[in-house]
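One letter stands for each residue in the lines below.
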Amino acid sequence: FWVPVASHLDTKMVNFTIEELRKIQTLKNNIRCLSVIAHVDHGKSTLTDSLVSAAGIIASANAGDTRYMDTREDEQDRCITIKSTGISLHFRWNEEEMKQKAPEGSEGNDFLVNLIDSPGHVDFSSEVTAALRITDGALVVVDCVEGVCVQTETVLRQALGERIVPVVTINKLDRAFLELQLEGEDMYQTFSRHIESANVIIATYRDDLMGDVQVAPEKGTVAFSAGLHGWAFTLKRFARMYAKKFGIDDDKMAQRLWGDNWFNPATKKWTRRDPGDVPRAFVKFIVEPIRKVISLAMQDKVPELEALLEKLELKLNSEDKELRQKALMKRVMQKWLPAHEALLEMIVLHLPSPAKAQKYRVENLYEGPLDDASATAIRNCDPSGPLMLYISKMVPTSDKGRFIAFGRVFAGTVKTGQKVKIFGPNYTPGKKDDLFLKNIQRTVLMMGRRQEAVETIPCGNTVGLVGVDQFITKTGTVCDQDSDSCPMKNMKFSVSPVVRVAVEPKSAGDLPKLVEGLKRLSKSDPLVQCTIEESGEHIIAGAGELHLEICLKDLAEDYMKGAEIKISEPVVSYRETVSEESTPPKGYADIMAKSANKHNRITMVGKPLDEGLGADIEEGLCTPKMDPKERGKFLHEKYGWDKDTAQRKIWCFGPDTDGPNLLVDATKGVQYLNEIKDSCVAAFQWASKEGVMMDENLRDTQFNIMDVTLHADSIHRGGGQIMPAMRRVIFASQICAAPRLMEPVYLVEIQCPEGALGGVYSCLNLRRGEVVEEMPRPGTPLYNIKAHLPVPESFGFTGALRQATSGQAFPQCVFDHWQLVNGDPFNAGNQKFLDIIINTRKRKGLEIYYEPKKEAGFMNCPCGIPPLDRYIDKL
């Protein structure tokens, strides 16, 4: 099997030197990059300990309790992972095994595993995205009691979207044996149900280019593990033990150890039909021997245990014999079925090397043409090609305020002191924005809690760069200074920052410290957004309450140099939308605005987007970067758009040039129209970022320019005239198209016993929650409840739920969708709706209009939004 280079219990030395790592880094077929992903509390960090201890970094006796990859103090205190942490480990494979089934293309029997342990809590799923981008494989950990949960599905979907190959381990087997004491057949049924659930998700989201990536124990892509006690096995491990006895080869034996196979000891024959009195092969040959060893150890029957272990060719030394119960069981199981052997065999044989993975990942990674030098170097994983390095996150160092840029070399080789070009996420080819030329001070290997400096790192490896943190905000692409490469694609996060708080320093003199602290905070987390409102407030936006709490703790303790801060109550971002096509008010022929000099007129109609199109834009199915013909075809076939309009007349998406709002040119034969296009697009970006009701982003709206009359002389139709007119006419169309608000909604998954269901329902009803499904968990007394809960109602929900169910229910909130808020800004009856608008306008320092116009033609708006006559003009 796997032979770590020192014995298990020799904790004095790490089993590899940095020189050995450097050697393997150049063998691209001997490298594996993987992320460990799972639902919260399914045992990722605990399981990772087994791999870290096999490499000699921690003692195997402490594996499972140390949680070596949880590097922060609050991670150890809260017992959850908050930041994803990388480590490079070196393993040597047994030469006899190597001769039997070497992985394709591998040279020698030394392997390098670049492993990233990621958080499972939904608020930190942006860390998972950052980890997945720079790895090629994923170890999906599934709790054998809880099964595939909501976050398991989220991370699996993210992984398959990045074209990452999954392997699964069913974890916490010790619970099945000791706590639940399941029968063998029940265990088999439970495990096969979990594997089936995982395969359903894999089949739903898989990419054809990756081939068949479904997992199955008989293929060797599913392991069974107990991370806390450091033991695990795959079917291949037991197949090797039994193959000699039955006189068949390992692979055939592995097939028989899973599925409907029974061995009849009386007739000495295998059968596919259940004979009724014999347990199935998985139970007889795997579950029962493990149960026997565990029960002997737990009952302290050391002599009988020794006799049994002799048959397995294992010996207990005098120190082991002193151990009792769980400690004895842990030691025996670690000797018999060491976790690292099963996991590493699965990782090396079934996860792709960078040389293989980059062939099918290149088109998901690279923005430029797929036949240029950089794309070819990525595809071939060529260490002598042009440098292409993607930075996916910034890791804080012990020197407060400085960061190491953590990423992966996809092509070429990165060297200490090399001069490179750095593209930020906002770089557009041909322009100079967000582009820097700088020297790399040091290249380092990330080793969990510490870093090791090295001279060069070739492609296929993860890397840390020192000295470029001032030029990269969150992510970026690094390439050779003289190359004409394009940047790598930006990452798509599955959650969005919808919960916001305002922060201010307690004493005004600390304002510069706060501004500096916010800059550092926004670097340290891939998702958090730090912005300054027009009213001068500093806003921090995060994915949920826990995410914000951690960000604020970091800000106060690490990035503010001891200055104290005041934090407001959390507020929620809303979205503005329209609910019908705009109609001009009484006395007006159409919705039109004039420029300040009265020489230019723009007429417009606003209306809601087709249902589902906004979501398609956000998922990237219809984007401004698509080929216009493809986009035209998509809109024509799915939404019945006119082909010509869809191909040539969409001027832009907004806000931020890729949001779910469209500006469409519906004019006929207007002179000089192309000259004002840029001004119109800029005004639309501005208006769609700050809508008319309360300066929030617009969503699901479409504005058609119906007619434009321009002055013949170009000096009278510059941007200064057109932009304000365009913004006014967009606002006028919004007010006339029955404006509405949308609030974000969480999907809450709650696990609780049947007795607590009443408390869960009453707690949800108080907060406008609606239950979507309620399912009993087969084989457990637990229920799974899925519900939709509006984010504004979610503050303090976790605490209230625990109170209502005396701590038995455990909720997970994931941002799911936007929904309309009940109410109409022109109806004074709905006070709650009006309060949202008035309070938000007050908070942002916007004017509140209390005197609605009494003229017949104008809609009277009681909630303080500007009257229509500010934006609409008569001919």
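Here goes a summary of the coordinates provided. Here the residue index of a chain counts from 1 through its sequence in written order. Whole-chain, interface and lining totals are the exception, using all residues; otherwise, since this is a predicted model, local features are given only for residues with pLDDT of at least 70 and side-chain atom pairs are given and counted only at 80 or more. Note that water and hydrogens are dropped before the side-chain values are worked out from all heavy atoms of the structure.

### Some points on the overall build of the protein chain
Then, in step 1: Strands are runs of DSSP state E lasting at least two residues, helices are runs of H or I lasting at least four, and both sets are numbered from the N terminus onward. Regarding its fold elements, the protein chain presents 27 helices and 35 strands.
Then, in step 2: Against the globule reference of 29 Å for 875 residues, the protein chain gives a C-alpha radius of gyration of 30 Å, in line with a compact fold.
Then, in step 3: A principal-axis box enclosing the C-alpha atoms of the protein chain has dimensions of 100 × 65 × 60 Å.
Then, in step 4: Only heavy atoms matter for contacts: two residues are in contact if any of them lie within 4.5 Å across the pair. In the protein chain, 73% of the contacts between residues at least 6 apart in sequence involve partners at least 24 apart. In this treatment the radius of gyration is a C-alpha quantity, and the globule benchmark scales as 2.2 Å times the residue count to the 0.38 power.

### Digging into the packing of helix H8 (residues 184–205) against helix H11 (residues 281–298)
Then, in step 1: For the pair H8 and H11, interaxial distance at closest approach is 10 Å and the crossing angle is 110°. When the axes of H8 and H11 are compared, the pair comes out roughly perpendicular. Once H8 is placed against H11, the crossing between them reads as right-handed. Two secondary-structure elements touch here, H8 through Gly 184, Glu 185, Met 187, Tyr 188 and Phe 191 and H11 through Phe 282, Val 283, Val 287 and Arg 291. Each axis is a line fitted through C-alpha atoms, and for a helix only the stretch in contact is used; angles between axes span 0 to 180 degrees, taken between their N-to-C directions. When describing relative orientation, an angle under 35 degrees is termed roughly parallel and one over 145 degrees roughly antiparallel, while 65 to 115 degrees is termed roughly perpendicular and anything else oblique. When the near helix sits turned anticlockwise from the far one by under a right angle, the crossing is termed left-handed; a clockwise turn instead gives a right-handed crossing.

### What about helix H16 (residues 354–365)?
Then, in step 1: The span expected for a helix works out to 1.5 Å for each residue beyond the first. The first and last C-alpha atoms of H16 sit only 13 Å apart over 12 residues, clearly below the 16 Å expected at 1.5 Å per residue.
Then, in step 2: Using a 1.4 Å probe on the protein chains alone, a residue whose accessible area is under 20% of its type maximum counts as buried, one over 50% counts as exposed, and one in between counts as partly exposed. Regarding H16, the residues found buried are Pro 354, Ala 355, Ala 357, Gln 358, Tyr 360, Arg 361, Val 362 and Leu 365.
Then, in step 3: Close packing links the buried residues of H16 with strand S2 (31–38), helix H5 (125–133), strand S6 (165–171), helix H17 (373–380) and strand S12 (403–411).

### Some points on the packing of helix H9 (residues 235–246) against H11
Then, in step 1: At a minimum axis separation of 11 Å, H9 and H11 run at an interaxial angle of 110°. Looking at the two axes, H9 sits roughly perpendicular to H11. Remark: the crossing between H9 and H11 carries right-handed chirality. Between H9, through Leu 235, Phe 238, Tyr 242 and Phe 246, and H11, the contact on the second element is made entirely by Phe 282, Phe 285, Ile 286, Pro 289 and Ile 290.

### Remarks on the pattern of salt bridges
Pairing between side chains of opposite charge can happen when their charged atoms approach one another.
Then, in step 1: Salt bridge, as used here, is a side-chain nitrogen of Lys or Arg placed within 4 Å of a carboxyl oxygen of Asp or Glu. On inspection of all chains with the given rule, the structure shows 43 salt bridges.
Then, in step 2: Here Asp 665 ties to Lys 649 by a salt bridge, and the two come within 3.8 Å at their closest N and O atoms. Pair noted here: Asp 665 is in strand S30 (residues 661–665) and Lys 649 is in helix H22 (residues 643–649), with a separation of 16 residues, a long-range link.
Then, in step 3: Taking relative accessible area as the criterion, Asp 665 reaches 9% and is therefore assigned buried.
Then, in step 4: Two residues, Arg 768 and Glu 793, come together in a salt bridge whose shortest N-O distance is 3.0 Å.

### A closer look at the nonpolar core
Then, in step 1: Here the nonpolar core consists of buried residues drawn from Ala, Val, Leu, Ile, Met, Phe, Trp, Tyr and Cys, with membership extended through side-chain atoms lying within 4.5 Å. Of all hydrophobic cores here, the largest spans 166 residues; its most connected members are Ile 170, Leu 173, Phe 224, Trp 231, Ile 290, Leu 465 and Ile 540.
Then, in step 2: Aside from chain neighbours lying at most four places away, what touches Leu 173 is Cys 144, Phe 191, Phe 224, Ser 225, Ala 226, Trp 231 and Phe 233.

### Considerations on the environment of Arg 291
Then, in step 1: One can find Arg 291 in helix H11.
Then, in step 2: The partly exposed category is assigned to Arg 291, whose relative accessible area is 26%.
Then, in step 3: Expressed as a C-alpha distance, the spacing of Arg 291 and Gln 255, which sit 36 residues apart in the sequence, is 22 Å.
Then, in step 4: Not counting residues up to four positions away in its chain, the partners in contact with Arg 291 are Phe 177, Gln 181, Leu 182, Glu 183, Gly 184 and Met 187.

### Some words on the side chain of Ser 522
Then, in step 1: Relative to the assigned elements, Ser 522 resides in helix H18 (residues 511–524).
Then, in step 2: Sequence-distant contacts of Ser 522, that is, excluding residues within four places in its chain, are made with Thr 473, Lys 474, Val 528 and Cys 530.

All quantities given are derived from atomic positions and should not be read as evidence of function.
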